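The primary structure of each chain is shown beneath.
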Amino acid sequence: MAILEARALNKHFGGLHVTNNVDLALEPGEIHCLIGPNGAGKSTLFRLILGEHSPSSGQILFGGEDITKLKSYRRIRRGMSVKFQVPGIFKALSVRQNLEIAMQHHYPPAALHAEIDRLLDFLKLEGEAKQLAGNLSHGQKQWLEIGMAISLKPRLLLLDEPTAGMSPEETHATGIMIQRLNADGMTVLAVEHDMAFVRQVAQKVTVLHLGQVFAQGSIDEIVADERVAAIYLGHAPEAAHA
Amino acid sequence: MNALTRFFGRLEGPQTIGRGPGFWIGFLVVLAGACLYPQFSDGYTVGNTVYFFTWVFMALGLSLIWGYGGSLSFGQTAFFGIAGYSYGILTINFGAAYGFTLVAVVLAVAIAALFAVLLGYFLFFGRISGVFLGIVTLSITLVLERFMAQTAGPEWHIGKARLNGFNGMSNMPPLTIPWPGGDIVLFPDVQLYYVVLALLVLVYLALRILVNSSFGNVLVAIRENPERAEMLGYDIRKYQLGAFVIGAALAGLSGVLYTTWGQYITPSSMGMTAAALPIVWVAVGGRSDITSTLIGTLVVLSAFQALTIHGSQYALVVMGVLLVLTVLIAPRGLILSGASLIGRLFGKRRGDA
């Protein structure tokens, strides 16, 4: 059974059809990348999955359960977690406090700080625990937020351009981090522009174009698909068929 | 001993300045000074200090809602007025016998809190935030002021209590504690002083525990980044509502204490000027910390009173200038900026040694 399923999902903003009849299924344990040119509707699809937008029509299932009408925080409590594109951290608070806020209800008080230390090690932020989160480097902010997202021990991790603004080395290290999490059983859905990163981690790739699922397959199949190359260069064929 | 350490541990944390034995010794010294001070002063000055203290509860409540939670409520005076009038209506009708004034205090604060639950539900569950929250809350306090201002006629009464329009409601009984061998009337100012001081210490310590708890953690998280807080699985509306109701109850406590202190409450206590002043106290002291809010409020209130000798309009202009200067020069607040500067200097010295 798919862990996440979108069925005939539609979202209009006025006359603008941003998400157009999208069907998407994520198998448990896979790393699935969502790519597509700017304006393809990737972010909107993400917000629909998270419950920040409600769909005009269609259904979203999580673990077989209909979550279309659930509020965001309830979806999180059922085992979703997200890392935003712009680092969504608590800038005026210390790195440790950022993680404490994420984890305080998931561990007994006695075990909390040992768990935070373990996560700080994993994120290579052990020297920055007392630092204000706003003073971290860009890459460290991204990692801190990934840390907050994974500290909830989600079944499904949503990543919106997790490597935006990172150096190639940081991007690679992030890829390894995501693969380690995936090896522990976490399903990952990532929106990503960096094709090197997609090549590194993706087990399955979905291409969105004009709000529709344009192509789907392994990274090699997608790269070999001339229609995909065409939409990235701006010469989309008239009839888009998945 | 262990329980005591744990208790003190809960009073400290990243959300409050001041920690360790040094701070708490200082706290006890100040408290001892506050306890002894009426012995060396006259009744009028002590009464005036009670007047200052009564406002601090409202300031602390605003610090919680605005400084910690990030929602600017411009209408704390609405809860102040509701509780003040409620106390008047209750005690004028039912008198002060059998310790009823104490019941009336609790009821009046509860009425203000209940109103905050109702209002806050629509505000926060309707996802109203930022400047709109300020506009709505300000409108509500102004509407209440206008409404009470037109109740001068004899037809406006609740039981025996005349609302009295702009002349205000007066002659409610002062706080009275039933005591074997004669009730203690908390009107000669010294007794009232000790009760209000005790309440202030209690509320201050309780708020320290609250803001350093997991509730306080979520509250500052909402201030910093509401979307992230929600995406960690928190129903942020509940936390915002919780802080709003606690803050409103504290504003209500201010209103009741003010009313018992002066045996008087008027619509202008909910007016524009009254609504704006708490913002000045809290912003100038340092809204994101309850200690600096407390000190700042007392300092600004004393300065304000000293200035009104030269005319109250003039004093208000100075308050406005003070607010603008604070926002421009020390947006975190003068007391808080000063405290962290001292903390840094000491920290550096310790680091060198």
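Residues numbered from 1 in each chain as written. Chains lettered and ligands numbered in written order. Predicted model: local features only at pLDDT ≥ 70, side-chain atom pairs only at ≥ 80, totals over all residues.

Draft legend 1. A look at helix α11 (residues 272-285) of chain B. Residues and elements named next belong to chain B. Between its first and last C-alpha atoms α11 spans 21 Å; for 14 residues at 1.5 Å apiece the expected length is 20 Å, and the two agree. Counting buried positions along α11 gives ten out of 14 residues, so the element sits mostly inside the fold. Gly286 occupies a position one or two residues after α11 and carries a positive phi of about 130°. (Helix = DSSP H or I, 4+ residues; strand = E, 2+ residues; numbered from the N terminus. Expected span 1.5 Å × (residues − 1). Buried ≥ 20, exposed ≤ 12 C-beta atoms within 10 Å, placed from the backbone.)

Draft legend 2. Representation of the domain arrangement of chain B in the model. Residue and element names in this part refer to chain B. For chain B, the domain assignment lists domain 1 (55-269) and domain 2 (271-353). Counting residues at the interface gives 25 residues for domain 1, matched by 16 residues for domain 2. Among the elements that line the side of domain 1 that touches domain 2, the one with the most residues is helix α3 (residues 43-68), at ten residues. (Domains from an automatic or database assignment. Contact = placed C-beta atoms within 7 Å.)

Draft legend 3. Seen up close, unusual backbone geometry. All names here are of chain A. Although it is not a glycine, Lys153 sits at a positive phi angle of roughly 50°. By the secondary structure assignment, Lys153 is in the loop between α5 (138-151) and β7 (156-160). According to the C-beta neighbour criterion, Lys153 is partly exposed, with 13 such atoms within 10 Å.

Draft legend 4. Spotlight on the sheet that holds strand β1 (residues 4-13) of chain A. Residues and elements named next belong to chain A. An order of β2-β1-β4-β5 is seen for the four strands of this open sheet, with the pairing classed as antiparallel. Of all the strands in the sheet, just β2 (16-26) and β5 (65-66) have a single pairing partner and so form its edges. Summarising the sheet, β1 and β2 pair through seven bridges and their orientation is antiparallel. Counterpart to Phe13 in the pairing with β2 is Leu16. (Pairing = 2+ DSSP bridges.)

Draft legend 5. Spotlight on the packing of α3 of chain B against helix α10 (residues 236-262) of chain B. All names here are of chain B. The contact between α3 and α10 brings their axes to 8 Å, and the two run at 170°. Taken together, α3 and α10 sit at an angle that is classed as roughly antiparallel. Between α3, through Val50, Tyr51, Thr54, Trp55, Phe57, Met58, Leu60, Gly61, Leu62, Leu64, Ile65 and Tyr68, and α10, the contact on the second element is made entirely by Ala243, Phe244, Ile246, Gly247, Ala248, Leu250, Ala251, Leu253, Ser254, Leu257, Tyr258 and Trp261. Its residues assigned to classes, the contact of α3 with α10 shows 20 nonpolar, four polar and no charged. (Axes fitted to C-alpha atoms, helices over the stretch in contact; angles between N-to-C directions. Parallel < 35°, antiparallel > 145°, perpendicular 65-115°, else oblique. Nonpolar A, V, L, I, M, F, W, Y, C, P; charged D, E, K, R; others polar.)

Draft legend 6. Representation of the pairing of strand β9 (residues 204-209) of chain A. All names here are of chain A. For β9, a buried count of five out of six residues is recorded, marking the element as mostly surrounded by other parts of the structure. In this sheet, β9 lies alongside strand β3 (residues 31-35) in parallel orientation, the contact comprising four bridges. When the bridges of β9 are listed, His32 appears paired with Lys204. Judged from the five bridges that link them, β9 and strand β10 (residues 212-217) form a sheet pairing that is antiparallel. Bridged to His209 within β10 is Gln212. If you look at the hairpin formed by β9 and β10, you'll find two residues sitting between the two strands, and Leu210 has a positive phi there, around 50°.

Draft legend 7. Representation of the nonpolar core. Grouped together as the largest cluster of nonpolar side chains are 163 residues, with contacts concentrated most on Leu158 of chain A together with Phe79, Ala83, Ala108 and Ala112 of chain B. It is α10 of chain B that provides the largest number of residues to this core, a total of 16 residues. Each of domain 1 (55-269) and domain 2 (271-353) of chain B accounts for three or more of the residues forming this core. Apart from residues no more than four positions distant in its own chain, Phe79 of chain B is found in contact with Ala112, Phe115, Ala116, Ala248, Ala251, Gly252 and Gly255 of chain B. (Core = buried A, V, L, I, M, F, W, Y, C linked by C-beta atoms within 7 Å.)

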